[in-house]
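Survey of secondary and tertiary structure
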Amino acid sequence: MGKGKRSREDLARQDEEDLRRLGYAQKLLREMGGFSNFALSFSIISILTGAVLLYGYGLKLGGPAINTVGWPVVSLFTLAVAASMGELASAYPTAGGLYFWAFRLGGRGWAWATAWLNMIGQVTVTAGVNVAAAIYAIGAITRVLGIPPDAPVPVFGTVTSWSFQLAVMALITLPMVLINVFGIRLIARLNQVSVVWHIGGVMLIAVLLAFFGKYHNEPSFLLRAEPAVSPLEASSAQLVPGGPLEPALAVGEARLPSPLFRLVPGLLELYRSSPLWLVFLLGMLQAQWTYTGYDASAHVAEETVMARLNSAWGVFLAVAVSAVAGYVLLLVLTWCIPEGDVARTASDPYPVLFIAYEGLSHFWATVVAVLIGGAMWLCGSASITSMARMWYAFARDDGMPGSGLIKRVSPRWRTPIGSIVITAALSILVCVYAAAFSVVTSISTIALYLAYGIPIFLNLRNRLRGRGEWVTKETAPWNLGRGAAVINGVALGWIALITVVFCLPPNELTLWTMLGVGCVLAVYWAAYARRRFTGPVAADEVALEAMEKEVG
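Now for a look at the structure at hand. Since we're looking at a predicted model, the values are computed, not measured. Residues take numbers from 1 onward in each chain, read along the sequence in its written order. Reporting in this predicted model follows two pLDDT cut-offs: at least 70 for local features of residues, and 80 or more for side-chain atom pairs to be given and counted; totals over whole chains, interfaces and linings ignore these cut-offs and use all residues. In computing side-chain values, all of the structure's heavy atoms are included and hydrogens and water are not.

**A closer look at the sheet that holds strand β5 (residues 254–257)**
- Strand pairing is assigned whenever DSSP detects at least two bridges linking the two strands. Under the DSSP-based scheme used, a helix requires at least four consecutive residues in state H or I and a strand at least two consecutive residues in state E, with every element numbered from the N terminus. With antiparallel pairing, the 3 strands of this open sheet are ordered in space as β3-β4-β5. Whereas interior strands pair on both sides, the edge strands pair on one side only; in this sheet they are β3 (236–238) and β5. Recorded for the sheet is a direction-independent mean angle of 70° between the axes of neighbouring strands.
- Relative to β5, strand β4 (residues 245–251) runs antiparallel, the two sharing 4 bridges. Each bridged residue has a counterpart across the sheet, and for Leu-249 the counterpart in β5 is Leu-256. In this analysis, axes come from line fits to C-alpha atoms, helices being fitted only over the stretch in contact, and the angle between any two N-to-C directions falls in the range 0 to 180 degrees.

In structure tokens form, the structure reads like this:
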């Protein structure tokens, strides 16, 4: 027993030495093992969150085939992205993750852009997860109690109104913040529970619907491409009360004429004709948003033992295991759509709950609802962990306004308390701006994958031209070997495709938001950060010792 403990301590000391060579002191508590590291990313991917909450979105645009064919296609390309990130996590095991990788591979300008994209993506993905938990909590409670979806709520309107969902989101987020503040040990245990909860939940839901469900469709039904709503209908709204449906841009509660349909000739006709390839691409948001946040394993590298291996495996395995478990879940759900009625299922505010309550007894359907709700809460808690570490890492290098507060670490709990509280508050505020769940998910998907893509691009660029740093077998024990360049290229091609697709209507607000963010960041960089931001600066031994003494 004692020998094993000493062995773990030796490994942790080696991790601390690796971190010191990268220029940082060990300020956070290094407590996570390999499973806990994997569990964090797996919890944030959360197949019982993304695949479930966007189930109706994919179904109404692409029909059953979006689950049967779309999920494995997205999974395969996402594995290329995860593998490309894994070898970078192995080479540079720091809390900054992508931001630090971009600095070492391309310099401070690339690092600064990567950091901001990653931070925006982290906030919006946390927003999406927690508002998802709120939406599902409301849906589950109303189903159990028999409350109609248009039931009035004082101040907020109805139980399905966006304002009421945001209020519930704030209540759900508060305990997540408190748990994150009180220490990494508790988070590690929760994430281990989360893995069992997700895998066990998927298995139980699959068994209940497959063997005890009332409805089972023909196998051929799984391959049908039967959109319930055309892309044009999904992108339209009444601009005038009682008026016709027109292409619209939703900003908060406002509905404006769509600028994109006016600027792009032929777009209206394309959306009206609804070709299969278009609805298939748009529907892929369901799967792709599910596969976000797995960079969390890299962000907690400074809290992970054997970080060079465990962080890399955490990134890759989180995607691989989610791909299999998620596919089982989606196939069973689609197979059990009541009477094969795609339109009715997709139009329900809570389509997965609709499938459960129509196909199972009230008791077992409620069990399914509890499993999903619990998974979403665990996912949100893990997302706050990852988000806070990324913001802390950038603030540690004075990369943003308010860095002094954001980089503050609690001497008692050894957690970045300022970062946790501030980012959680921002995740709620962003939902006030984007009053549509699919818009929040689109913004988070694009921002995160652009942040994923920059260090992958820099690594590939340096490798091909033979200059600068790039991942090798000597620098990264977890590496892609001879296939690295091809896998990196596939990953970058996929990121480029989804960046374009997820800016299209019905998520047009994503396009203008990302362009606006890009302009603001460009001005901020040129006017201020370019002269003042130095990037990650390696501390000397005296400074490292002083920082380590701060936390004992």
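**Remarks on the pairing of β4**
- Strand direction decides the pairing type here: β3 and β4, joined by 3 bridges, are antiparallel. Residue pairing in the sheet places Ser-236 in a bridge with Pro-247 of β4.
- Linkage of β3 to β4, two consecutive antiparallel strands, is achieved through a turn of 6 residues, within which Gly-242 is found at a positive phi near 85°.

**Some thoughts on the side chain of Asp-397**
- Tracing the backbone shows Asp-397 in the loop between α19 (362–396) and α20 (403–406).
- Any residue under 20% of the maximum accessible area for its type is buried, any over 50% is exposed, and the rest in between are partly exposed; the area is computed with a 1.4 Å probe on protein chains only. By the counting rule applied here, Lys and Arg register as positive and Asp and Glu as negative, while His and the ends of each chain are not counted. Here, a salt bridge means any side-chain nitrogen of Lys or Arg that lies within 4 Å of a carboxyl oxygen of Asp or Glu. An unpaired buried charge is present at Asp-397: no salt bridge exists, and Arg-396, the closest side chain of opposite charge, is 4.9 Å distant.
- Any pair of N or O atoms that falls within 3.5 Å is considered a polar contact. Within protein, one atom must be able to donate a hydrogen and the other to accept it, and sequence-neighbouring residues count only if both atoms are side-chain atoms. Of note is the side chain of Asp-397, whose polar atom sits 2.8 Å from the side chain of Tyr-99.

**What to know about unusual backbone geometry**
- With an omega dihedral of 15°, the bond running from Pro-505 to Pro-506 counts as a cis peptide bond.
- Topologically, Pro-506 is positioned in the loop between α23 (484–501) and α24 (508–532).
- The phi angle at Ser-274 is positive, at roughly 50°, despite the residue not being glycine.
- Summarising the element assignment, Ser-274 is placed in the loop between α12 (267–273) and α13 (276–283).
- When its relative accessible area of 22% is taken as the criterion, Ser-274 is described as partly exposed.
- One non-glycine residue with positive phi stands out, namely Glu-339, at about 55°.
- When you line up the elements, Glu-339 lands in the loop between α16 (307–335) and α17 (342–347).

**Looking at the packing of helix α4 (residues 55–62) against helix α5 (residues 65–91)**
- The contact between α4 and α5 brings their axes to 9 Å, and the two run at 105°. By the angle between their directions, the pair α4 and α5 is classed as roughly perpendicular. Touching Tyr-55, Gly-58, Leu-59 and Gly-62 of α4 are Ala-65, Ile-66 and Asn-67, all from α5.
- Three residue categories are used. Nonpolar comprises Ala, Val, Leu, Ile, Met, Phe, Trp, Tyr, Cys and Pro, charged comprises Asp, Glu, Lys and Arg, and polar comprises the others, including Gly. For the contact of α4 with α5, a count of residues per class yields 4 nonpolar, 3 polar and no charged. Angular relationships are summarised with four words: roughly parallel below 35 degrees, roughly antiparallel beyond 145, roughly perpendicular across 65 to 115, and oblique for the angles in between. Contacts were defined at the residue level, with two residues in contact if any of their heavy atoms lie within 4.5 Å.

**Here's the deal with the nonpolar core**
- What is meant by a nonpolar core is a set of buried Ala, Val, Leu, Ile, Met, Phe, Trp, Tyr and Cys residues, joined one to another through side-chain atoms within 4.5 Å. Ranked by internal contacts, the top residues of the largest apolar core, which has 153 residues, are Val-81, Met-85, Tyr-291, Tyr-294, Ile-372 and Phe-394.
- Ranked by the residues each element gives to this core, the list is headed by helix α7 (residues 108–145), at 18 residues.
- If sequence neighbours within four positions are ignored, Val-81 has contacts with Tyr-294, Tyr-449, Tyr-452, Ile-456, Ala-491 and Ile-495.

**As for the packing of α5 against helix α6 (residues 98–106)**
- Packing of α5 against α6 brings their axes to within 10 Å, and their N-to-C directions diverge by 80°. Relative to α6, the element α5 lies roughly perpendicular. Packed against α5, whose contacting residues are Met-85, Leu-88 and Ala-89, the element α6 presents Leu-98, Trp-101 and Leu-105 at the interface.
- Looking at side-chain class alone, the contact of α5 with α6 contains 6 nonpolar, no polar and no charged residues.

**Looking at a nonpolar patch on the surface**
- Two distance rules govern patches: like charges are joined within 9 Å, and nonpolar side chains (Val, Leu, Ile, Met, Phe, Trp, Tyr) within 5 Å, applied only to residues with over 30% relative accessible area and no salt bridge. Throughout, the Shrake-Rupley method with a 1.4 Å probe supplies accessible areas, and for residues the shown protein chains are the sole cover considered. Together, Leu-174, Leu-178, Phe-182, Leu-186 and Trp-413 line one region of the surface with nonpolar side chains, adding up to about 450 Å² of accessible area.
- Its place among the elements puts Leu-174 in helix α8 (residues 162–181).
- Among the residues examined, Leu-174 registers a relative accessible area of 52% and is labelled exposed.

**Remarks on the packing of aromatic side chains**
- Note on aromatic pairs: the rings of Phe, Tyr and Trp (six-membered ring only in Trp) are paired at centre separations within 6.5 Å, and the planes decide the class, stacked below 30 degrees, edge-to-face beyond 60, tilted for the rest. Within this structure, the stated rule accounts for 25 aromatic pairs.
- Measuring from ring centre to ring centre gives 5.1 Å for Trp-112 and Trp-525, while their planes differ by 45°; the resulting arrangement is tilted. With a gap of 413 residues between them, Trp-112 in helix α7 and Trp-525 in helix α24 connect regions that are remote in the sequence.
- Judged by its relative accessible area of 4%, Trp-112 is buried.
- Here a set of aromatic residues connected by ring pairs shows up, and it is made of Tyr-99, Trp-112, Trp-116, Phe-394, Tyr-524, Trp-525, Tyr-528 and Phe-533.

Honestly, that's just the spatial picture; any functional story needs more than this.
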